[in-house]
Structure formats: C-alpha cells, structure tokens
Amino acid sequence: MSQLSQRPEKPAVGLPLPHESANLHVTGAALYTDDLIHRTKDVLHAHPVQVMQAHGRITALRTEPALAVPGVVRVLTAADVPGVNDAGMKHDEPLFPDTVMFHGHAVAWVLGETLEAARLGAAAVEVELDEQPSIVTLSEAIAAESFHGARPVMLAGDVDAGFADSVHVFTGEFQFSEQEHFYLETHAALAHIDEAEQVFVQSSTQHPSETQEIVAHVLGLHSHEVTVQCLRMGGGFGGKEMQPHGFAAVAALGAKLTGRPVRVRLNRTQDLTMSGKRHGFHAAWKIGFDAEGRIQALDATLTADGGWSLDLSEPVVARALCHIDNTYWIPHARVAGRIAKTHKVSNTAFRGFGGPQGMLVIEDIMGRCAPLLGLDPMELRERNFYRAGQHTPYGQPVTQPGRIRAVWDQVKENGGLADRRREIAAFNAAHPHTKRALALTGIKFGISFNLTAFNQGGALVLIYKDGSVLINHGGTEMGQGLHTKMIQVAATTLGIPLHKVRLAPTRTDKVPNTSATAASAGADLNGAAVKNACEQLRDRLLQVAGTQLGANASDVRIVEGVARALGGDRELEWDDLVRTAYLQRVQLSAAGFYRTEGLHWDAKAFRGSPFKYFAHGAAATEVEVDGFTGAYRIRRVDIVHDVGDSLSPMIDIGQVEGGFVQGAGWLTLEDMRWDTGDGPGRGRLLTQAASTYKLPSFSEMPEEFNVTLLRNATEEGAVYGSKAVGEPPLMLAFSVREALRQAASAFGPAGVSVELASPATPEAVYWAVEAARAAATARAGGSASALSNA
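How each quantity is defined
- Residues numbered from 1 in each chain as written.
- Predicted model: local features only at pLDDT ≥ 70, side-chain atom pairs only at ≥ 80, totals over all residues.
- Heavy atoms only, no water.
- Helix = DSSP H or I, 4+ residues; strand = E, 2+ residues; numbered from the N terminus.
- Rg over C-alpha atoms; globule rule 2.2 N^0.38 Å.
- Buried < 20%, exposed > 50% of the residue type's maximum accessible area, 1.4 Å probe, protein only.
- Contact = heavy atoms within 4.5 Å.
- Areas by Shrake-Rupley, 256 points an atom, 1.4 Å probe, with all protein chains shown as cover.
- Lys, Arg positive; Asp, Glu negative; His and termini not counted.
- Charge placed at Lys NZ, Arg CZ, Asp CG, Glu CD.
- Polar contact = N/O pair within 3.5 Å; in protein donor to acceptor, adjacent residues only side chain to side chain.
- Pairing = 2+ DSSP bridges.
- Axes fitted to C-alpha atoms, helices over the stretch in contact; angles between N-to-C directions.
- Core = buried A, V, L, I, M, F, W, Y, C linked by side-chain atoms within 4.5 Å.
- 1 Å grid on protein atoms, 1.4 Å probe; cavity = no way out; pocket = protein on both sides within 12 Å on 5 of 7 lines; lining within 4 Å.
- Points joined across faces, edges and corners; volume = space filled by probe spheres on them.
- Salt bridge = Lys/Arg side-chain N within 4 Å of Asp/Glu carboxyl O.
- Phe/Tyr/Trp six-rings, centres within 6.5 Å; stacked < 30°, edge-to-face > 60°.

Our next topic: the overall build of the protein chain. Looking only at helices and strands, the protein chain features 19 helices and 29 strands. Compactness check: the protein chain gives a C-alpha radius of gyration of 28 Å against a globular reference of 28 Å for 790 residues, within 12% of the reference. Dimensions of the protein chain along its principal axes, counting C-alpha atoms only, are 90 × 80 × 50 Å. Buried positions account for 61% of the 790 residues belonging to the protein chain. For the protein chain, restricting intrachain contacts to residue pairs at least 6 apart in sequence, the fraction spanning at least 24 positions comes to 81%. For the protein chain, the exposed area adds up to about 28,900 Å²; of that, 51% sits on carbon and sulfur atoms. Averaging the positions of the 71 positive and the 87 negative side-chain charges in the protein chain gives two centres separated by 3 Å.

Moving on: the side chain of glutamate 382. Mapped onto the secondary structure, glutamate 382 falls in helix α11 (residues 377-383). On the basis of relative accessible area, glutamate 382 is assigned to the buried category, the value being 13%. Side chain to side chain, glutamate 382 and lysine 412 meet in a polar contact 2.9 Å long.

Our focus in this paragraph is the sheet that holds strand β27 (residues 613-626). Pairing in this open sheet of 4 strands is mixed, and the strands run β16-β27-β28-β29 from one edge to the other. Where the open sheet ends on each side, the last strands, each with one partner, are β16 (434-447) and β29 (704-709). Strand-to-strand, the axes of this sheet are offset by a mean angle of 15°, without reference to chain direction. Examined bridge by bridge, β16 and β27 share 14 bridges and lie antiparallel to one another. Bridging from a neighbouring strand, phenylalanine 445 pairs with alanine 615 of β27. Relative to the sheet, helix α13 (residues 417-430) contacts β16, β27 and β28 (632-641), its axis offset from that of β16 by approximately 145°. Sheet contacts for helix α17 (residues 649-668): β27, β28 and β29; angle to β29, the most-contacted strand, approximately 130°.

Attention shifts here to the nonpolar core. Counting residues in hydrophobic clusters, the biggest one holds 107 residues, and the most contacted among them are Ile287, Phe289, Leu302, Ile639, Phe660 and Leu740. Ranked by residues supplied to this core, first place goes to helix α10 (residues 355-372) with 9 residues. In this structure leucine 302 touches Phe281, His282, Ala283, Ala320, Leu321, Ile324, Val335, Ala336, Gly337, Arg338 and Val361, once residues within four positions along its chain are discounted. Counting residues in hydrophobic clusters, the runner-up holds 52 residues, among them Leu4, Ala491, Ile496 and Leu572.

Here we come to empty space enclosed by the protein. As enumerated under the stated definition, the model contains 4 cavities of 30 Å³ or more in all. Empty space within the largest cavity amounts to approximately 350 Å³. Around the largest cavity, the lining comprises 23 residues; the ones closest to its centre are Ala87, Glu93, Phe247, Met274 and Trp308. Mapped by element, the contributors of at least two residues to the lining of the largest cavity are β5 (105-112) and α7 (244-258).

Looking now at the pattern of salt bridges. Applying the stated criterion across every chain, the model contains 55 salt bridges. With its nearest N and O atoms 2.7 Å apart, the salt bridge here joins glutamate 126 to arginine 62. Linking glutamate 126 in strand β6 (residues 126-131) with arginine 62 in strand β2 (residues 56-62), this pair joins segments that are 64 residues apart in sequence. Here glutamate 126 falls in the partly exposed class, since its relative accessible area comes to 35%. Close ionic contact of arginine 507 with aspartate 509 constitutes a salt bridge, the shortest N to O distance being 2.7 Å. Overlapping salt bridges, with partners in common, bring together Glu363, Asp364, Arg368, Arg381, Arg737, Glu738, Arg741 and Glu755 in one network.

Right, let's talk about the packing of aromatic side chains for a bit. Counted by the stated rule, this structure contains 17 aromatic pairs. With a centroid separation of 4.9 Å and an interplanar angle of 75°, the aromatic rings of tryptophan 601 and phenylalanine 606 are classed as edge-to-face. Each member of the pair tryptophan 601 and phenylalanine 606 is classed as buried. Ring centres of tyrosine 766 and tryptophan 767 lie 5.3 Å apart, and the angle between their planes is 70°; this geometry places the pair in the edge-to-face category.

Here is the structure:
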C-alpha cells in the first residue's frame, strides 16, 4: 500500500464525527459573509440596476436621478473601471455591459448608506434600450444554429460497423431541464481597503484564488495587492465556483472608489434571476444492441444550454461526454457536444458538472429500450456492465469493474429486492388504479478535474509552542464537511488528539493559486496537501523525539499525543516534544503540496485518462403512483456507495443522503420555467421563488431510507485510502426516475415503452400513465409501438 493510502495506529480518520461547525450552525452562531457587515464600520450597500428585457443594446444610461435620491453615495458604471471591465475567465462577461444579454442583466450598481437608499437609487437610474431579437429556448438556439465555444467529438471503435452488426437499432430524442442551486446563503461579498491600499474581500466563493484574480484585473492591480477570504458558505453546489467573482469585483471597486467598505448581497429573487443554473440539455441519439441486449454502438449529439456567456460550459460538456457511458461498455461510439448560446443567465457548474447530464441520457435510453428488447430493465443494465480489461470510449481503463457489480449485488441483497419485486407484482395485479415499481441503477463517476492543471492542492500547517496546531488549506467549506475531514487528516498524520487541531478560514494570502473546491476533489487534493505538510513536521519532531528517547528517529511513533520508541518504555508527551523542538530551533511550520499523478488528457483528440479513479454506487428505489393524478410517493430507498475507506463516515453518509435528495429534486420536482412568449416579459424567469420553484422537503423524503458505505474498499493512491463523495451520490437518484417510468408502464400492457419528461413532475408522470394506457388501447386494436425499431 502506498504511503498516501496507509493508515497509522489509532487514526483519527475513520471516526464518525459531527461537522466541526455543527454546534455553530444549529445555534445560529456561525458567521457568514453578510454577517460581517455588523462588525464593520461605515458600510455602503450595493444594489444592481437590472434591465428587465432579454436582449438589447444600451443607447442611454442616465445616473443623475439616482444621485438625487437621499442616501445614495455613488453609481458604479463601466467608466469607473480602472482595469479590465470583465468578470469572467473567458473575457466574454462584461462587468458593466453595453448590451443586455438576459432578462434582469445588471448594467450598473448603486451604492447607498442603506440598502433601501441603494434600492431606490437603482430604481431611479434611467436606461434606454434598442431591443434586439432574443433566443430563449434550446430548440430556438438549435434551429438558429446559435452556438459558441468548443464542439468536441468523442470517437471509439467503428460506429458504422457497430450499427451494421446490431440486431436492434433504436432512435430517440430527450430534453431535460436546468436546476437552480438554491443554496441557503445567496451571493455575498464585503470589501474594504486598508491604509496601504490593499484590497481585502470577504466572499462566499468556492474559488478564492480566481475571485482574487478577477478582482485584481478589474481594479488594474496585481494579485498580491488583493486578498480574498472565505469564512464559510451556506451552500454552494457549484453555483459559487465562477459566479461570485463579479459580485466581489463590484464590492471591491466600490470600496476602492469611495474608501469605505462595500457590501454586495443579493436577495433571493436577484440571485435566482442573475446567477446561472445547471445546464439543461437536449440529446438526439441512436443506439444498437445485439440479440442478447448488449450495446454495440451509440451515436449521439448533446447540446447544452450555455446561456449568454461561456462560463464553465465547455468543461461541463466535456464531462457530459466522458460520462455518457456510465457503467456500460460501449465498444463503438460517436458522441458530439455543443453549447447553445441563448439570452438567459450564463449556466455554470452544478454538483456533478455535466456528469449527471451525460449519465441521464444513457439511463433514459436503457429505460426506454428495455421493454422493446423484451428484457427487464435491471437485467439489461447488468448485461452491459463493464468487465475486466475494458476501457471507456475516451480510452481510460476501467480499473475496478468489480465494484460496479459489488455495490449492485449488495443493494439487491440488503434491500431484499427479489421478494419485494414479487410483492409489487401481486400488488399491481390487485390494484388497477395504483401501481408500484422498484428500479435499480448504478453509477461510475470520474474523480479529478478534466483540466489536468487544476489537480493540485496546497496547505500551510503551523504548530505553536504550546503544542496546538493550526491548519490553512486551499479548500472552502460550504457545509460539506471538508474542514472536518482536514482536521482528522492532520490529527492522524501528526498522531495527536483532535482537540489539538484548529482550522483557519480559507485565505489567498496563506495558500496561493488554489483550485476551486469542486469536482469532488476537495478532500483528495487538500487532504493530501495537509498530510504532506504534517509529514514534514512529524519527521522533524521524530528527530527531536529520537534524541530525547535515546532511539533512532525511524523507530519512534507518535500515537494519541505520546511519542514512544519501538521496544522502549520511555514516553514523551506531545506538548513537551514541541516545546523541546522550539528550544532547539526546529521549524514548526510547513507548506504542503500535492499534485495528482497519472493524469493525461488531450482535449482536441478527446482521449486520455483524465480521472484518478472512479467512484461507484447503486440505489434501489420503490415508488407508488396514483393513476388518476400522477401523484407519487417514494416508499423506500436502499443505497450502497463506494467512498473507499471513509475519512469521516458520518459526514460521508450525510453527503450520500443529501446528494440523493438533491438529485431526486432535479429529476422529479424542480421545474424551471421561462417566459417564451413574444410579449414584454420574454426571457423572464417565471419560477423566481420557493413558492413556484419546488424544492425537495420532508414530504418528498423516502419513507424508508437506508444508506450503507461499501466495506473493505481501500482506494490505493488516495489520501488514507478514501474516495470522493461530494458529487457521485446525486446520480443515484436516477433510480427514482426509472422507478416512476416503470410504475407508469405498469398501467399499460407488458413490453410498453413510455417516455418520461425530466423533471418527472406528477403532471409528467400522469401523461406517461396516459401513454401507457393508450398503448393498451392501441394494442387491443392491433396498432404498433410508437417508438420505431429501425
């Protein structure tokens, strides 16, 4: 086992600990970015000037009326920017635009002594617009050939030959919706300038280094003149990877121009209408199977709704292509990706980062095609699982295909699926107006950033004379428990009790050039960097301890805060060891670093091994559907998930549960609607609040919810044998949608294939039920299936 994976005696990793800030969260004492204004003197409040049209060129912008509003201090416009007027990394997102690109686009910001003064000032700004035609939907963009960014193509084998060898060939289309992040804490930033003209920004950001970079180039400064700190976030889910930069830049620009602290905090409606979502996708596909139901060939085109600017759309599409195989061997594949340019908010990262969209396409195909092949959906999936020696369509070997089957079989056993399926069949036979179904789906999700350079992490660990330890690392805490795991990693590596370790807020002046806390790589990258720093410190201390104990340093172990030599009976307490090291002038701080090895990726050829490893999981979901209304309930969920050797089991189980529920929300509830008419509200987001955008709540939780972590699953080459857990569980929710499809099908004849919209709202399920009933009527009349068998 590698040094990175091996655990020492009595490790702190693996203990089921609560979140390190849990007490602060539940008591309301935890501080978030916007809480800091109450500790800051003379804060100005910023409010956006939003233009409520989807597309148009600004012909006049009059700020004078705003300055006449009592309490308004300044109006920020493009003329005030001393550096680059752009808030994105692709230089296609003007901070102060001269063309409105989506309904609610902010074209200026008003600073006021109070938020109400700033709001009234923003309402007084006069904007004249030369309105232009707008593209709001994906279908409009495809028809107009409105695309931007890269258009990758993934090729494997000989697709034409694969189809020629196929006994069954099916074609279809599938379009599915966006998803709103709906983090509890909306976007927020607080900036102030010190006496040396240094800019300090408190930001709710998943990527402080990039926020620092954007703020610096907007202000025309170098990065060492800007410090960004993230105390914690009240949720992020990817929505704070790229999107916070512009808001931080507005706050910093206002502070620079006025000399006073400036606060930006969006209300919920502003956040919903100004920030990007998960990309909605359209898929057109053709798939071939042999006589046994094994996939022979896949030809597909995936089109993502990128919105008005590129943001992270290119890597999102790349990851979608890399995950369209999910757990299935596809010997011959041609999959093209493209990004639609629409006049909507710029869509961005969201938990799974394109992986869910790609995997949803193949799972939808399997669910639709299984009845046409005369196979049970579970059997069709099993027949197509990866086997030893096979590789993905982009050329990466699948090194643990046995885990695909292991989690699958364990769910079948834990959930008693065989007996329950017989019970469901009996229930359905006795209930003509209510049907139940049980679906099982698996996942294979690649862990690492597709861009190889992002796979690096840093840390700074300090030991003080009294033996206490302070960790700084490049990852950010958004409630996912990263800081908890880092404390456990540090305590394990140093061999000390957990209470000796404290974690500092994430700051760019402590750990520079960090990657975003994203791609599920936060614990892998930062954990390995923390471990590296602690190993440097431990090695220095072992030399001191060896001298004190009269032993060779290599024979000394530090366990639970006590240093002992192998075979000896003398002991040296941690605090005494640290104090002795200080007196001997031994350095008690260390910078740690980690880079993920073994990665390579050719974006143009779309081939390589972009992922360190794959995370696996399987979920079985049982649902009950009302045939009169399409209303449904989730009766039971059984999950087995592969997190390697868990760093923190309680945290990981919470992540699996939360990811599953968020995925179920995307696939069943969260129905995002836009005004697509030709009236003055065209392009307006219609679901602007929790009253119209429905999030999962207690009433949607499974009545029985069983989560098990795969045992004996050490991941070689990862920190203490663990695996990532942030994103993969979201895709376990495919089982919910597939169970709903099967329940709807149960209202029709055997072998009927029904299409199911996504999100599968009760309305959508009702129409699927009606389609199944129509198939029964048609079959009685001798009609053929609606889905063509080419």
